[in-house]
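Breakdown of the fold
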Amino acid sequence: MFRFVQTIATCTILAAISGGVSGLAQAQTPAGPEAASQPPSTPEAQYQQYCALCHGEDRAGYANDDAPSLNTKSMFALSVLPLYNAAYYGRPGTTMGPYGEDMGGPLSSDDLYQMMMWLSREAGVPPGRPPANALDPVVGDLAEGEALYQENCAMCHGSEGEGHGPEAPGTALGNPTMLATSPDLFLKIAITEGREGTQMPAFKNMLTEEDINSITAFLRSRASGWDVEMASYDAPPSLENIVLNPEGEAPEFELDRGRYISSEQLNRALSEGRKMVLIDTRVPYFWAMAHIKGSLPVPYYSERSEFLSNIPNDGTWVVAYCECPRAAADATVSKLRELGYENTAVLYEGYAGWTAKGFPISVGKVE
Ligand code: HEC
Ligand code: HEC
């Protein structure tokens, strides 16, 4: 069995679910006697301290900055994962900042999972396993989707998905971090069901499912930027061509704790055309939603030996990243080091951290 794949699946999907279950148990633990002098430790207390300012004490949103309601069933219908990502990495370009500790925020990954589980239960959606089709791509007609978007959505979300204008109460749908961390089905559910009690209408009674699919596919096609003229979908690199910039010089990475590089270091090396192998250790669908250009979606190659035999073990740098932000990439790099690969590194902030810092991404195609 391909060990990398198992690690990734556990990391990205199951952690969201099982992490929450232990989170619930912990959330119910009564505060100890020292609680008064400690920073808030329950999800609810953390919510009131950090989030209520904009999302409201009652979680109904719109206390400040057009912050959405965090109390709708349709928001949590798919999974807490997209919401966790929003809270951990923020939505750059809006007032929704990053709260995750790797992004300079005050809350750990576990704090935020627990908070999302708590919010989901409060909204009336007991957190559970996402449906089997949670990561299925939604396919539709892009040109049709764009026309339908301009007609039905632009007045609230902006003609370029910018949102939050004086007359645009909607969220920023053109936000690359939002699009890169929200599965197609999350978008489709929001459009189909609306967000009850907010201005976001349920389009299931106004548009056909085909129309909604086209709009969803159109939004996905904007994931690497609203201005790209034509959506271009990268095909995964072939196993024979996995070294980026084979003629380039080696990057000069300075590793933190012997292992990590920052998004800034990676972006500099890529834009200078340095030679390396870049591995995306997430499930392939995440690679398709958006990825760092030139990266190889490892789970594609289900035979580890086939994959490894194509990575030159000659000192070429191998950089791995994942969503978690680090667990799956760490496991991959540890494995490579065991096998004698000398120059290996993990992208510290992970994939969503990369997008949240505004570095370039591409949209991919998986069959
Ligand atoms: C300064 C105001 C502000 C604060 C404080 C704030 N948010 Fe937000 N939040 C926003 C805005 C504005 C958006 C919508 C951004 C957009 O257009 O995508 C948002 C979006 C979100 C979303 C995505 C909602 C959706 O519809 O997909 C989540 C989840 C979220 N915030 C959670 C939190 C949590 C949890 C906290 C506290 C740890 C928090 N926010 C603190 C303003 C804020
Ligand atoms: C009347 C204004 C309005 C119209 C029209 C409208 N929206 Fe929205 N939309 C909103 C608001 C407001 C929200 C945030 C609701 C909340 O959760 O508090 C939202 C949320 C969303 C979300 C969830 C975004 C996120 O950050 O999680 C999606 C996706 C979305 N809208 C897509 C669309 C599409 C596509 C259309 C057109 C078919 C559309 N909307 C039309 C106001 C509108």
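**Re the overall build of the protein chain**
When you go through the protein chain residue by residue, the secondary structure sums to 16 helices and seven strands. Put simply, 72% of the contacts in the protein chain that link residues at least 6 apart link residues at least 24 apart.

**What to know about the sheet that holds strand β2 (residues 260-261)**
What the five strands build is an open sheet, ordered β2-β6-β5-β3-β4; its pairing is parallel. Two strands lie at the open edges of the sheet, namely β2 and β4 (296-297), each paired on one side alone. Along the sheet face, helix α15 (residues 327-338) touches β3 (276-280), β5 (317-321) and β6 (344-347) and points at about 180° away from the line of β6.

**Some details on the site of ligand 2**
For ligand 2, the set of nearby residues contains 25 residues, the closest of which are Pro68, Cys153, Cys156, Gly170 and Met200. Listed by contribution, the elements that provide at least two residues to the shell around ligand 2 are α8 (154-157) and α10 (184-193). In the shell around ligand 2, the residues fall into 15 nonpolar, nine polar and one charged.

**Details of the nonpolar core**
Grouped together as the largest cluster of nonpolar side chains are 87 residues, with contacts concentrated most on Tyr84, Leu112, Met116, Val277, Val318, Val319 and Leu347. Other than its neighbours up to four places away in sequence, Met116 contacts Val80, Leu83, Tyr84 and Ala87.

**As for helix α11 (residues 209-221)**
For α11, spanning 13 residues, the distance from its first C-alpha to its last is 18 Å, which sits close to the expected 18 Å at 1.5 Å a residue. Where burial is concerned, most of α11 is hidden: ten out of the 13 residues are buried. All of the buried residues in α11 are Ile212, Asn213, Ser214, Ile215, Thr216, Ala217, Phe218, Leu219, Arg220 and Ser221.

**Notes on the site of ligand 1**
Surrounding ligand 1, one finds 27 residues, the nearest of these being Cys51, Cys54, Ala67, Met96 and Thr171. Looking at the shell around ligand 1, the elements that each hand over two or more residues are α3 (52-55) and α5 (81-89). For the shell around ligand 1, the class distribution of residues is 16 nonpolar, eight polar and three charged. Two domains each provide a minimum of three residues to the shell around ligand 1, namely domain 1 (3-122) and domain 2 (142-221).

**Side note on the confidence of the model for the protein chain**
The pLDDT averaged across the protein chain works out to 84; a share of 85% of its residues lies at or above 70. Taking the mean pLDDT of every element in the protein chain, the minimum, 34, falls on helix α1 (residues 3-27) and the maximum, 97, on α10. The low-confidence segment residues 1-35, where pLDDT is below 50, has 59 contacts with residues more than four positions distant or belonging to other chains.

**Observations concerning the pairing of β6**
Side chains Thr344 and Val346 of β6 all project onto a buried face; the interleaved residues Ala345 and Leu347 project onto the opposite face, where all are buried too. Pairing of β2 with β6, which is carried by two bridges, proceeds in the parallel orientation. Residue pairing for β6: Tyr260 is matched across the bridge by Val346. One ladder, built from three bridges, connects β5 with β6; its direction is parallel. Opposite Ala320, over in β6, you have Val346 as the bridge partner.

**Describing the packing of α10 against α11**
Relative orientation and spacing of two packed helices are given, respectively, by the angle between their axes and the distance between those axes. Taken N-terminus to C-terminus, the directions of α10 and α11 make an angle of 135°; their axes are 10 Å apart at the nearest point. Relative to α11, α10 is oriented oblique. As α10 runs across α11, the sense of the crossing is right-handed. Counting all contacts with α10, which are made through Asp184, Leu187, Lys188, Ile191 and Thr192, the residues of α11 involved are Ile212, Ile215, Thr216, Leu219 and Arg220. Per-class residue counts for the contact of α10 with α11 are five nonpolar, two polar and three charged.

**Comments concerning the packing of helix α2 (residues 43-50) against helix α6 (residues 109-122)**
Two elements in contact, α2 and α6, have axes separated by 9 Å at closest approach and are oriented at 95°. In this view, α2 runs roughly perpendicular relative to α6, as classed from their interaxial angle. Taking contact as the criterion, the partners of Pro43, Glu44, Gln46 and Tyr47 in α2 are, on α6, Asp111, Gln114, Met115 and Trp118. Among the residues forming the contact of α2 with α6, the class breakdown is four nonpolar, two polar and two charged.

**Details of unusual backbone geometry**
Not every positive phi belongs to a glycine, and Tyr62 is a case in point at roughly 65°. Tracing the chain through its elements places Tyr62 in the loop between α3 and α4 (73-76). If you check the backbone angles, Asn245 has positive phi at about 50° while not being a glycine. Considering the arrangement of structural elements, one finds Asn245 in the loop between β1 (233-234) and β2. Accessibility expressed as a C-beta count within 10 Å gives 15 for Asn245, which makes it partly exposed.

**Quick look at the pairing of β5**
The buried count for β5 comes to five of five residues, which makes it a mostly enclosed element. Burial along β5 is two-sided: Trp317, Val319 and Tyr321 facing one way and Val318 and Ala320 facing the other are all buried. For β3 and β5, the ladder comprises five bridges, and the chain directions are parallel. In the sheet register, Asp280 faces β5, and the bridge partner there is Tyr321. Chirality of the crossover, the property in question, places the unit of β5, α15 and β6 among those that are right-handed.

Basis of the calculations
Residues numbered from 1 in each chain as written. Chains lettered and ligands numbered in written order. Predicted model: local features only at pLDDT ≥ 70, side-chain atom pairs only at ≥ 80, totals over all residues. Helix = DSSP H or I, 4+ residues; strand = E, 2+ residues; numbered from the N terminus. Contact = placed C-beta atoms within 7 Å. Pairing = 2+ DSSP bridges. Axes fitted to C-alpha atoms, helices over the stretch in contact; angles between N-to-C directions. Near = placed C-beta within 6 Å. Nonpolar A, V, L, I, M, F, W, Y, C, P; charged D, E, K, R; others polar. Core = buried A, V, L, I, M, F, W, Y, C linked by C-beta atoms within 7 Å. Buried ≥ 20, exposed ≤ 12 C-beta atoms within 10 Å, placed from the backbone. Expected span 1.5 Å × (residues − 1). Domains from an automatic or database assignment. pLDDT = per-residue confidence, 0-100. Parallel < 35°, antiparallel > 145°, perpendicular 65-115°, else oblique. Left-handed = near helix turned anticlockwise from the far one by under 90°. Right-handed = clockwise from strand over helix to strand, strands pointing away.

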